[in-house]
Structure formats: C-alpha cells, structure tokens
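Residue-level structure breakdown
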Amino acid sequence: MASKRELLEELLAPVVASLGCELWGIEYQTHGRNALLRIYIDSEDGISVEDCEKVSRQASAVLDVEDPISSKYTLEVSSPGLDRPLYKLDQYQRFVGAQIEVRLRMPLDGQRKWRGLLAGVEGDEVVLRVDSENEYLLPIDSIDKANIVPQFTK
C-alpha cells in the first residue's frame, strides 16, 4: 500500500510539471488534528515567488477536488534551497561529491545521524564517506531524512 506522501506525489507531479517545474519532493506531517503539506519545486532556471504562487494555486485546486487529506492542513510551496532535502536515488546521483547530513530510521554502528561526502549510489544504496578510511552503504529505505550541507567559499 502506498504511503500518503507517495499518493500526493502521484497526484501533484503532473500539476507541477504542467507549470514548467519539477516536483523535487513532498513532506507531509501531521500535528494532532492539523497537517502540513510542503511541496518542494525546482527548475533549471531557479524558482521564483511567482512559480511558488502558481504551483500553490493549482495544487490547492487539485487537492480540493481530489480531497486526499481529510484533516485541516496548511499548504506550503518552496524551492529546495541550498540545504535541499534529498528524497530519491536520482537526486543523490545528481549531488555526488557534495557534503550531506543523513538521519537514519534505525541506528547504524550506534548512531542515527551521519555527516560526510556523498561518494556515489550503488543499486538502491547511498555511499557515504565519513572520513578517508570509512565508507558506509546506506539503503535508501533506511534513510529518514537527508540534506545537502551548503559549502561557502571565501
């Protein structure tokens, strides 16, 4: 059975694509009786406030008709930002060589939070290099959350 996030992605990806953007990812969180639906959109040309507004209007209309969320919710549309979250293997592949922070669903070697170099993708696993001697293969399904760590040069 598909998760709520997967169902929302299926519903909203065509809407976002029709507006010339890519659906980067969706976060769906419930807080008591209320929920938060955050849609991340991206584009080769970057994302403007106007892009977010257009996607918000169209997504809201589709959500009102399809009604996939039964509770009250807040809809947010945003660019992924510099510390962009990573959701899918192809997104990890695009950012090989970047520093990332990862939070696992279950501890690995006694810890859930990891930081290191995204060294690659092998099958359905992310290769994380934490130092010159240690690499870990992290199955994509074991990753709860992952973000790019922005690097600023002087």
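In what follows, the accompanying structure is described. (Residues numbered from 1 in each chain as written. Predicted model: local features only at pLDDT ≥ 70, side-chain atom pairs only at ≥ 80, totals over all residues. Heavy atoms only, no water.)

1. Some points on the pairing of strand 3 (residues 72-78)
To be explicit about the condition: Think of it this way: DSSP has to see at least two bridges between two strands before they count as a pair. Put simply, DSSP H or I for four residues or longer makes a helix, DSSP E for two residues or longer makes a strand, and each gets a number counted from the N terminus. Place the viewer so that the strands point away; then a crossover is right-handed whenever the path from the first strand over the helix to the second strand goes clockwise.
One ladder, built from seven bridges, connects strand 2 (residues 34-42) with strand 3; its direction is parallel. Within strand 3, the residue paired with L36 across the bridge is T74. As a crossover connection, the stretch from strand 2 through helix 2 (residues 49-66) into strand 3 is right-handed.

2. Regarding the packing of helix 1 (residues 4-18) against helix 2
To keep it simple, the criterion reads: In this description, a line fitted to the C-alpha atoms serves as the axis of each element, helices being fitted only across the stretch in contact, and the angle between N-to-C directions of two axes falls anywhere from 0 to 180 degrees. Put simply, angles under 35 degrees are roughly parallel, angles over 145 are roughly antiparallel, angles from 65 to 115 are roughly perpendicular, and the rest are oblique. Handedness of a helix crossing follows the sense of rotation of the near helix relative to the far helix, less than a right angle counterclockwise being left-handed and clockwise being right-handed. Working rule for contacts: check all heavy atoms of both residues, and any pair within 4.5 Å makes them a contact.
One way to put it is that helix 1 packs onto helix 2 with a least axis distance of 10 Å and a crossing angle of 135 degrees. What the angle tells us is that helix 1 and helix 2 run oblique. In the crossing of helix 1 with helix 2, the sense of the turn from one axis to the other is right-handed. On the side of helix 1, the interface is formed by L8, L11, L12, V15 and V16, while helix 2 contributes V55, Q58, A59, V62, L63 and E66.

By themselves, these observations are geometric and do not establish any function.
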